[in-house]
Structure formats: C-alpha cells, structure tokens
Amino acid sequence: MKTHQSILAILCISFFYSIHYGQTKPTEEIPYIEVNGYAEKEVIPNEIYIGITLRERMENKEKVTIETQEKQLREALATLNLPVSNLSVADANADYVKVSWQKRDVLTKKEYQLKVGNATTVGKVFQELEKMKIQDGYIDHVSHSAMDSLRKQVRIEAIKAAKEKSDYLLNAIGQETGKALIVSESENSTITRQDIARMKISGNVLFESVDKEAEIEFQKIKLSYSIYTKFSIK
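Residues numbered from 1 in each chain as written. Predicted model: local features only at pLDDT ≥ 70, side-chain atom pairs only at ≥ 80, totals over all residues. Heavy atoms only, no water.

(A) View of the overall build of the chain. In terms of helices and strands, the chain carries four helices and 13 strands. Here the contacts in the chain between residues at least 6 apart in sequence split such that 79% fall between residues at least 24 apart. (Helix = DSSP H or I, 4+ residues; strand = E, 2+ residues; numbered from the N terminus. Contact = heavy atoms within 4.5 Å.)

And the structure:
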C-alpha cells in the first residue's frame with residue numbers, strides 16, 4: 001500500500017513540474033527588445049489666472065472700503081468686455097481677513113482670482129488695477145483649456161515613438177516587432193511657469209517679446225512624456 005502511495009506521489013510531483021515547466025519555459029525563452037519612446041509638445045496658455053488682493057486703505061483721511069473697490073473692479077471688467085463670472089473669490093472659506101495697517105486701524109482684505117485668455121488682456125487688466133491704485137496683482141498660474149487632451153496626445157506620440165524605434169532597430173537585423181509585453185509611463189515633466197508665479201504688477205519676466213511693438217506672449221507650456229516598452233521579437 002505504501003509503495004502505491006509513494007508511486008502516486010512521485011507521479012503527481014512529476015506532473016506538477018511538467019505543467020509548470022511547460023507554462024514558464026516558453027515565456028522565459030521569448031526574445032524581446034526594450035526601448036523608450038519620448039515626445040513633447042509646447043502650447044501657448046489660453047487660461048491665465050490673475051490673483052488680485054483688495055485691501056481697505058485710507059485716502060485723504062477717508063477709508064476706501066472693500067465694497068467700493070470691488071464695485072470699481074467689476075466696472076473695469078465691463079469696460080474690458082470680461083464677464084463678471086471670470087472673477088471669483090480666491091478663498092470662499094475665508095472671505096475677509098483681518099490685517100493690521102500702519103498700526104492705526106484694523107482693516108480687511110479680500111482675495112480674488114480673475115481668468116483671462118491672453119497676455120494682451122493681462123496687460124489691460126493690470127492697467128485698470130493701476131488706475132484703481134491696486135498694487136497687489138500677480139500671475140497666479142497659467143493653463144490651457146484643452147490640457148487633458150493635450151496630455152493624451154503627447155502620451156500617444158511617445159508610445160508611437162517607442163514602436164517606431166523598435167521597428168527600425170529590428171529591421172536593421174532582419175527581424176520584426178511583436179506584441180507589447182510591458183508598457184510603462186516614466187515620470188513626466190510639465191512646465192507651466194508656476195516657478196515664477198505670483199509676480200507683482202511691475203514684473204514682466206513672464207512675457208516674451210521680440211520688440212516693443214510686437215504683441216507680448218506668455219512663455220509656452222511644455223508637456224513631455226517618456227514611455228518604457230518591452231516588445232516581443234517575431
């Protein structure tokens with residue numbers, strides 16, 4: 001009886017290893033090629049977010065309130081044909097903030113964010129802020145309305161570049177690219193000029209201009225992606 005059990009156990013173990021070997025050996029022996037595909041794209045931002053801080057202040061011994069300045073700001077936007085819906089309170093949870101002004105009074109400030117579409121409009125907004133004696137204006141950040149689709153497009157271009165690289169390398173030795181075994185997106189780089197955000201009204205390093213008469217433009221947003229791929233070789 002023990003002899004039969006021992007024989008049965010040996011047969012089961014042999015069967016297990018034969019199945020395991022049959023499943024793993026072909027995978028291990030598949031020839032493959034590893035390549036990286038890279039793509040990048042630059043676009044001019046069409047969404048520029050301007051941070052504006054209104055502060056109560058004293059003029060000729062009279063207090064200029066937040067409400068008065070907000071009304072002036074809305075009127076200025078109307079003259080620039082900018083919808084009021086583009087203006088929003090930056091922090092809805094902290095509408096008003098107590099601050100000390102020259103240690104003489106406790107005044108308030110209110111922060112806003114204004115979305116515009118191009119650098120020319122940015123310049124006009126800053127001119128209006130200057131007329132209103134508002135000095136706390138800055139570029140908060142920039143973006144593009146089609147950012148998601150742009151990212152997708154660059155990723156697709158990166159993986160196509162990987163496939164193209166594999167094709168011409170293998171064609172050089174008379175072989176062909178097979179199925180993708182591994183596809184992995186490496187760390188991407190997105191540059192949106194936020195490293196120099198919050199520039200004051202007087203700052204102009206965010207702009208590029210060939211000459212004084214040329215229309216100024218924001219530096220471009222750069223999207224770049226690298227895709228690691230592992231293809232089988234036919």
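(B) Up close: the environment of Thr177. Turning to its location among the elements, Thr177 is positioned in strand 9 (residues 177–185). The spacing of Thr177 and Lys234 is 57 residues in sequence and 6.0 Å in space, taken between C-alpha atoms. Contacts of Thr177, omitting those with residues within four sequence positions, involve Lys163, Ser166, Asp167, Leu170, Phe231, Ser232 and Lys234. Polar contacts involving the side chain of Thr177 include one to the side chain of Ser166, which spans 2.8 Å. (Polar contact = N/O pair within 3.5 Å; in protein donor to acceptor, adjacent residues only side chain to side chain.)

(C) Focus on the nonpolar core. Among the nonpolar cores identified, the biggest contains 33 residues, and Ile50, Ile52, Leu114, Val116, Val122 and Ile139 are the most heavily contacted of them. Looking at this core, the elements that each hand over two or more residues are strand 1 (32–43), strand 2 (47–55), helix 2 (66–79), strand 7 (105–116), helix 3 (119–131), strand 8 (137–143), helix 4 (147–171) and strand 13 (221–233). When neighbours within four sequence positions are excluded, Ile50 is seen to be in contact with Tyr112, Gln113, Leu114, Val116, Val122, Val125, Phe126, Tyr138, Ile139 and Asp140. In this structure, Ile33, Ala162, Leu170 and Phe231 belong to the second largest nonpolar core, which totals six residues. (Core = buried A, V, L, I, M, F, W, Y, C linked by side-chain atoms within 4.5 Å. Buried < 20%, exposed > 50% of the residue type's maximum accessible area, 1.4 Å probe, protein only.)

(D) Fine view of the pairing of strand 13. Burial analysis of strand 13 places 11 of its 13 residues in the buried class, the great majority of the element. Inspection of the sheet shows strand 1 paired to strand 13 by 12 bridges, in the antiparallel sense. If you follow Lys41 over to strand 13, its bridge partner there is Leu223. In terms of strand pairing, strand 9 meets strand 13 through six bridges, oriented antiparallel. Considered in strand 13, the bridge of Val183 is made with Thr229. (Pairing = 2+ DSSP bridges.)

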